[in-house]
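Take a look at the letters that make up each chain.
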Amino acid sequence: MSDGGVILRPLRGNDCVARLALGRDAEIHRLMGWDGSGGNPPYALADAEAWMADQLKFPYTWAIALPEPGAGGASGPLPDRMVGSVRLGGVNEALAPGLRTASLGIGLLDPAVLDRGLGMRAMRLLFPYAFGPLGLHRIGLRVLTINTRAIHCYETLGFRIEGRERQTFSLMGHWHDSLVMGLLADEYREEAG
């Protein structure tokens, strides 16, 4: 899937190389719930492999990429530049229509692409599939209240705040709340309409 500037595609084996090249940006990882109290150790190949293994646990996971050469692999530059991933968790195609929900996980991992609307564009590519052929009724997510950039993005896309979980993450000795947000198929169709 592509809108000409953002690509959603299945993960590839060489995305591990691309993930390693992105490293670990302390601020991005803090907003995703990484404590960081142990400093910001170098991001190693084992970390990239663990990231890839975690992504591949979900059958509905896509790389978010840009149509430009990426990190150098064994055969030269990769064909596009992976900058993050998006996934739908909890999806089971055998579910009855009354249970067609999923949880959204999205992360842009390159600080150079933040504040350019790429996450919003990636979700706009994903939602027609999720609410169309996949047949989902609801997509939900949880986001730390300190991640105001993400909250604004989700609200712009039509997600509604459904609740607040108090003190769900301790980051560097401070507890932070999470918001529970959701988007229903009918709400998506109204927004897209």
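For the structure, see preceding data.
Scope of this entry: the structure provided in the associated data block. (Residues numbered from 1 in each chain as written. Predicted model: local features only at pLDDT ≥ 70, side-chain atom pairs only at ≥ 80, totals over all residues. Heavy atoms only, no water.)

1. Section: the packing of aromatic side chains
Item 1. All told, the structure shown has 7 aromatic pairs when counted by the stated rule.
Item 2. A ring pair is formed by Phe127 and Phe159, whose centres lie 6.0 Å apart and whose planes are at 55°; its orientation type is tilted. Of this pair, Phe127 sits in helix α4 (residues 118-131) while Phe159 is found in the loop between α5 (148-156) and β8 (160-171), placing the two residues 32 residues apart along the sequence. As far as burial versus exposure is concerned, Phe127 and Phe159 are alike and both buried.
Item 3. Grouping aromatic residues by their ring pairs yields a cluster made of Phe127, Phe131, Tyr154, Phe159 and Tyr188.
Item 4. Lying across the ring of Trp51, Arg19 places its NZ or CZ 5.8 Å from the centre. (Phe/Tyr/Trp six-rings, centres within 6.5 Å; stacked < 30°, edge-to-face > 60°. Helix = DSSP H or I, 4+ residues; strand = E, 2+ residues; numbered from the N terminus. Buried < 20%, exposed > 50% of the residue type's maximum accessible area, 1.4 Å probe, protein only. Lys NZ or Arg CZ within 6 Å of the ring centre and 35° of its normal.)

2. Notes on the packing of α4 against helix α6 (residues 185-192)
Item 1. Remark: α4 packs on α6, axes separated minimally by 11 Å, with the N-to-C direction vectors making an angle of 130°. In terms of their interaxial angle, α4 and α6 are classed as oblique. Seen from above, α4 lies across α6 with left-handed handedness. Of α6, the residues touching α4 (which contributes Phe127, Pro128 and Phe131) are Ala185, Tyr188 and Arg189.
Item 2. When the residues that make up the contact of α4 with α6 are grouped by side-chain class, the tally is 5 nonpolar, no polar and 1 charged. (Axes fitted to C-alpha atoms, helices over the stretch in contact; angles between N-to-C directions. Parallel < 35°, antiparallel > 145°, perpendicular 65-115°, else oblique. Left-handed = near helix turned anticlockwise from the far one by under 90°. Contact = heavy atoms within 4.5 Å. Nonpolar A, V, L, I, M, F, W, Y, C, P; charged D, E, K, R; others polar.)

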